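Analysis of the macromolecular model
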Amino acid sequence: MPADELSTASATHAWGHGLQTVAGDGAVLDTWFPAPALGELPAGAAAPDELRSHALPDARRNVTVEVTTVSIELAAPPQSTPDAYLRLHLLSHLLVEPNTINLDGIFGHLPIVAFTNAGPVHPDDYTRLRPSLQREGIQAYAIDKFPRLLDYVAPPKVRIADASRVRLGAHLAPGTTVMHEGFVNFNAGTVGTSMVEGRISQGVVVGDGSDVGGGASIMGTLSGGGTQRVSIGRRSLLGANSGIGISIGDDSVVEAGLYVTAGTKVVLIDGSGSDEENRIVKAVTLSGAPNLLFRRNSLTGAVEAVSRTGTGITLNAALHA
């Protein structure tokens, strides 16, 4: 089976020809893979001449750009900087979905880099070379382990209003719009048409047709060391400035300004109008349940969950075309 026909479920390996940036001290700063692929590395596979034409030194940044070919086992943890970058590229090229490949220990293989408009620079070199870099018009936009997505991958049929708000390793399906205040971390993102005006943290997946409202926050597995995977179902809405630490099922809504964590006490409204028929549960017991409206009672202050009927929200089709 050709590599491009493999699914995440059936693929056990991945490979790619790339360009790695090597600092003067020999440290690999990053690796760009223009066309990563699933499957075993084909016998005799050679990097294309076009890629080799870009393998040149850059004295301005004290780096050398080199061609490399990397083959990895998806179930094994990352083994090197090029290995880690290949995994991030697989996610952003939509070859694998978040939480489906091994990323254990990836931070240890991603060096801290001064990311500039001319490419990566070793932080020590950036400090030393600052005057000459400035004369060349080279400026740093971040010192971090993760670069911007758009410096490596341009996802098709996706809008990103502010490139600095989306990291390499984000999984953005066609039809996704990330507005200026939206943020998408690595190993997280969308699997269908979505509006992102809030924060999608590491490990979080947003379903087709859903809206993460302005200022909304979704707790990821990096938040407080938690292990629960949080997801947003299809056609669901997180209202402006709301937040969740549990999964939200299909056709569900969290009202604006309400934050629901796993331990939040929630009053289940049965619709009978009798308080005696209502019961109180922890929000985690409702994680992933569809057709719910989470709201705060304006009189008592209690967080309530009310059953909804029909489908959830409908995104603006013209906006996401």
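Structure first, text after, so check above.
Here is a short report on the structure shown in this document. Here the structure is a predicted model, which means the values were calculated and not measured.

Criteria and cut-off values
- Residues numbered from 1 in each chain as written.
- Predicted model: local features only at pLDDT ≥ 70, side-chain atom pairs only at ≥ 80, totals over all residues.
- Heavy atoms only, no water.
- Helix = DSSP H or I, 4+ residues; strand = E, 2+ residues; numbered from the N terminus.
- Contact = heavy atoms within 4.5 Å.
- Areas by Shrake-Rupley, 256 points an atom, 1.4 Å probe, with all protein chains shown as cover.
- Lys, Arg positive; Asp, Glu negative; His and termini not counted.
- Charge placed at Lys NZ, Arg CZ, Asp CG, Glu CD.
- Expected span 1.5 Å × (residues − 1).
- Bend = angle between axes of the 7 residues up to and from the residue.
- Buried < 20%, exposed > 50% of the residue type's maximum accessible area, 1.4 Å probe, protein only.
- Salt bridge = Lys/Arg side-chain N within 4 Å of Asp/Glu carboxyl O.
- Pairing = 2+ DSSP bridges.
- Polar contact = N/O pair within 3.5 Å; in protein donor to acceptor, adjacent residues only side chain to side chain.

1. Let's talk about the overall build of the protein
Helices and strands together make up the secondary structure of the protein, namely 3 helices and 27 strands. In terms of overall dimensions, the protein has a C-alpha envelope of 75 × 50 × 40 Å along the principal axes. When contacts within the protein are restricted to residue pairs at least 6 apart in sequence, long-range pairs at least 24 apart make up 49% of them. Surface exposure of the protein reaches about 14,600 Å², of which carbon and sulfur atoms provide 51%. One way to put it: in the protein the 23 positive side-chain charges average out to a point 5 Å from where the 31 negative ones average out.

2. Some details on helix 3 (residues 123-135)
Taking 1.5 Å of rise per residue, 13 residues should cover 18 Å, and helix 3 covers 18 Å from first to last C-alpha, within 8% of that figure. Of all the bends in helix 3, the largest measures some 75° and sits at Leu-129, one to four residues before the proline Pro-131. By the burial criterion, the buried members of helix 3 are Asp-125, Tyr-126, Leu-129 and Leu-133. Residues of helix 3 that are buried sit in contact with strand 6 (113-116), strand 7 (119-121) and strand 8 (140-144).

3. Topic: the pattern of salt bridges
One pass over the structure, following the stated rule, counts 9 salt bridges. Taken together, the salt bridges that share partners define one network made up of Asp-58, Arg-60 and Arg-61.

4. Comments concerning the sheet that holds strand 20 (residues 237-238)
The 10 strands lie next to each other as 9-11-14-17-20-22-26-27-24-25, forming an open sheet whose pairing is mixed. Each edge of the open sheet is held by one strand with a lone partner, namely strand 9 (159-160) and strand 25 (279-282). Looking at chain direction, strand 26 (residues 292-296) and strand 27 (residues 303-307) are connected through 5 bridges and run antiparallel. From the neighbouring strand, Leu-292 faces strand 27, where its bridge partner is Ser-307.

5. Remarks on the side chain of Thr-177
Position of Thr-177 relative to the elements: it lies in strand 11 (residues 177-178). Classification of Thr-177 as buried rests on a relative accessible area of 2%. Not counting the four nearest positions on each side in its chain, Thr-177 is found in contact with Arg-159, Ser-194, Met-195, Val-196, Leu-319 and His-320.

6. Remarks on the side chain of His-89
Tracing the backbone shows His-89 in helix 2 (residues 81-92). Under the relative-accessibility criterion, His-89 is labelled buried at 0%. One polar contact links the side chain of His-89 to the main-chain carbonyl oxygen of Tyr-85, over a distance of 2.7 Å. Not counting residues within four places of it along the chain, the set of residues in contact with His-89 comprises Thr-31, Trp-32, Phe-33, Pro-36, Tyr-152, Val-153 and Leu-168.

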